[in-house]
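So the chains spell out like this:
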Amino acid sequence: MNHEASEGAITLALGGIGIRGVLNIGLLQALAEADIPIKRIVATGISAMIAAHFALGRDPAEVLPRITRFFEDNRRSMWGIEQLDGLTTGGRRAAARSMSYFLRENLFCRSNVMRTAVFSWALVEDKLTKAFGGNTPHDLKIPLAVSVMDIARGKETLLSEGPIVDLVKAGIAFPGLFPPVKIDGKKYVSSATYCDVPLLSLSEDDRPVLAVRYPKRPEAWRPRSIIEVLARVDEIRGDALTQQILSKADQVIEPKISSNGSDWLSFRKMERAIPLVRKVCAEEISRWTA
């Protein structure tokens, strides 16, 4: 199907840090099954990698084993005590549950003040090259734009030109986790930690826009350090901004798998959670397409 030329084609906005980005595999599968034409995908975070794979005409579920393996192999480095120096015990538990929380906390930790990133690109360069090789936007079945933050301008921008592997790297360049990506002399990081859903740069030409937002697990404990307060404030800011810009979407799917979110707390549960998201999204799509 020629998505761009199809009548009623939608623009798909995909965000989400960590697990929430991986869950978009289920959404993409549901859209493909329903034969919903897509004129463009705008993605950030891990969703940029999943969306690029899908836009090349591949099954997005093929990337799940690689993502799961990465987090399993590097879990100690990501959540280890050496990366969380300066956090209280409660903060460490919160960081272990939430990649978003970890990334924000990591920016404030004393042990990481002079460290630009936990990982170098050498850790994933070969895997990304194997996945996307020399693919360019001309190879895409569906046009793709990756939402990033231009460090020099401090502003969100959309990247849609150049090697796909570079676009994906910019999309997953989470501050504090991977170094910024340099493209055409400019440095970019993922916009996912700034805003959960990449809707800010969309225009009237992109309508109708479909966005997806996954509920977060509510935290009942009180912050016990300035680090935790700063991270919580930034999280509240991000949630408020996301809620505000969701009005730019014509349709928003908010899958609810369970009341407490326990089905998506761990990467070890992704194989079970993604089919559930796929089912919930398929039911939602059938309702609004009817």
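Being a predicted model, the structure only gives us computed values, none of them experimental. Within any chain, residue numbers begin from 1 and follow the written order of that chain's sequence. Under the rules for a predicted model, residues below a pLDDT of 70 receive no local features and side-chain atom pairs below 80 are neither given nor counted, while totals for whole chains, interfaces and linings still include all residues. Only hydrogens and water are set aside when side-chain values are computed; all heavy atoms of the structure are taken into account.

Asker: Describe the overall build of the chain, with residues and values.
Answerer: Each helix and strand in the chain was counted, giving 11 helices and 8 strands. Buried positions account for 53% of the 290 residues belonging to the chain. Using a 1.4 Å probe, accessible areas were evaluated by the Shrake-Rupley method; residue-level cover was limited to the displayed protein chains. Taken as a whole, the chain presents about 13400 Å² of accessible surface, with 51% of it coming from carbon and sulfur. Only DSSP runs of H or I with at least four residues qualify as helices, and only runs of E with at least two residues qualify as strands; both kinds are numbered from the N terminus onward. Exposure classes here rest on a 1.4 Å probe applied to the protein chains alone. A residue is buried below 20% of its type maximum, exposed above 50%, and partly exposed in between.

Asker: I'd like a description of the nonpolar core, backed by residues and values.
Answerer: Counting residues in each nonpolar core, the largest one holds 68 residues, and the members touching the most others are Ile-41 and Phe-132. Judged by nonpolar contacts, the second largest core, of 13 residues, contains Ala-145, Leu-202, Val-209 and Ile-245. Buried Ala, Val, Leu, Ile, Met, Phe, Trp, Tyr and Cys residues form a nonpolar core when they are joined through side-chain atoms within 4.5 Å.

Asker: Would you mind going over the side chain of Asp-196 in detail, with residue names and values included?
Answerer: Structurally, Asp-196 is set in the loop between strand E6 (186–190) and strand E7 (209–212). The charge count treats Lys and Arg as positive and Asp and Glu as negative. His and the chain ends do not count. The salt bridge criterion pairs a side-chain nitrogen of Lys or Arg with a carboxyl oxygen of Asp or Glu, the two atoms within 4 Å. In this structure, Asp-196 is buried with no salt-bridge partner, the nearest side chain bearing the opposite charge being Arg-213 at 4.7 Å. Contacts are residue-level and defined by heavy atoms, with any inter-residue pair within 4.5 Å sufficient. Excluding residues within four positions of it along the chain, Asp-196 makes contact with Gly-15, Gly-16, Ile-17, Arg-213 and Thr-242.

Asker: Mind laying out the environment of Ile-25, listing which residues take part and the relevant values?
Answerer: By the secondary structure assignment, Ile-25 is in helix H2 (residues 24–33). For the pair Ile-25 and Ile-50, spaced 25 residues apart in sequence, the C-alpha separation works out to 6.9 Å. For Ile-25, the contacting residues outside a window of four places in its chain are Ile-50, Pro-60, Ala-61, Val-63, Leu-64 and Ile-274.

Asker: Outline helix H3 (residues 46–55), listing residues and values.
Answerer: Of all 10 residues in H3, 10 are buried, a share of seventy percent or more. Among the residues of H3, those classed as buried are Ile-46, Ser-47, Ala-48, Met-49, Ile-50, Ala-51, Ala-52, His-53, Phe-54 and Ala-55.

Asker: Now, about the packing of H2 against helix H11 (residues 270–289): what can you tell me, with residues and values included?
Answerer: Each pair of packed helices gets described by two things: the angle between the helix axes and the distance between those axes. Axes here mean lines fitted to C-alpha atoms, for a helix over just the part in contact, with angles spanning 0 to 180 degrees between N-to-C directions. Orientation of H2 relative to H11, taken along the N-to-C sense of each, is 45 degrees, at an axis distance of 7 Å. Looking at the two axes, H2 sits oblique to H11. Crossing handedness for the pair H2 and H11: right-handed. Of the residues in H11, those touching H2 at Ile-25, Gly-26, Leu-27, Gln-29, Ala-30, Leu-31 and Glu-33 are Ile-274, Val-277, Arg-278, Cys-281, Ala-282 and Ile-285. Following the grouping adopted for this structure description, the nonpolar residues are Ala, Val, Leu, Ile, Met, Phe, Trp, Tyr, Cys and Pro, the charged ones are Asp, Glu, Lys and Arg, and the polar ones are all others, Gly among them. Broken down by class, the residue content of the contact of H2 with H11 amounts to 9 nonpolar, 2 polar and 2 charged. For this classification, under 35 degrees means roughly parallel, over 145 means roughly antiparallel, 65 to 115 means roughly perpendicular, and everything else is oblique. By definition, any crossing whose near helix is turned counterclockwise from its far helix by less than a right angle is left-handed, and any crossing with a clockwise turn is right-handed.

Asker: Lay out the pattern of salt bridges in plain terms, naming residues and giving numbers.
Answerer: What the rule picks out here adds up to 6 salt bridges. For Glu-125, the salt bridge is made with Lys-169, and the minimal N-O distance between the two is 3.2 Å. Remark: Lys-169 occurs in helix H9 (residues 164–171) and Glu-125 occurs in helix H8 (residues 125–132); sequence separation between them is 44 residues. With a relative accessible area of 27%, Glu-125 lands in the partly exposed category. Measuring nitrogen to oxygen at the nearest pair gives 3.2 Å for the salt bridge that ties Glu-204 to Arg-207. Linked through salt bridges whose partners overlap, the residues forming this network are Glu-204, Arg-207 and Asp-250.

Asker: How would you sum up the pairing of strand E4 (residues 155–159)? Please name residues and give values.
Answerer: With 5 bridges connecting them, strand E3 (residues 144–150) and E4 associate as antiparallel partners. Its bridge partner being in E4, Val-148 is matched across the sheet by Thr-157. If DSSP finds at least two bridges between two strands, the strands pair. The hairpin formed by E3 and E4 contains 4 residues between the paired strands, and Gly-154 there has a positive phi angle of roughly 60 degrees.

Asker: Describe the side chain of Ser-191, listing the residues and the values that go with them.
Answerer: Relative to the elements of secondary structure, Ser-191 occurs in the loop between E6 and E7. Taking the relative accessible area as the measure of exposure, Ser-191 reaches 2% and is therefore buried.

Asker: How would you summarise the confidence of the model for the chain if you had to cite specific residues and measurements?
Answerer: The predicted model of the chain has a mean per-residue pLDDT of 80, with 72% of residues at 70 or higher. Each residue carries a pLDDT value, the predictor's own confidence for that position, ranging from 0 to 100. Every residue in residues 108–115 scores below 50 in pLDDT, and together they form 14 contacts with partners more than four places removed in sequence or on other chains.

Asker: Describe unusual backbone geometry, and please don't skip the residues or the numbers.
Answerer: The peptide bond linking Arg-207 to Pro-208 adopts the cis configuration, its omega dihedral lying at 0 degrees. If you trace the backbone, Pro-208 turns up in the loop between E6 and E7. Although it is not a glycine, Asp-35 adopts a positive phi angle of roughly 55 degrees. Within the secondary structure layout, Asp-35 lies in the loop between H2 and strand E2 (38–43). Even without being glycine, Asp-184 reaches a positive phi, approximately 50 degrees.

Asker: Describe the environment of Ser-247, listing the residues and the values that go with them.
Answerer: Turning to its location among the elements, Ser-247 is positioned in the loop between helix H10 (226–245) and strand E8 (251–253). Sequence separation between Ser-247 and Leu-199 is 48 residues, and the spatial gap between their C-alpha atoms is 9.2 Å.

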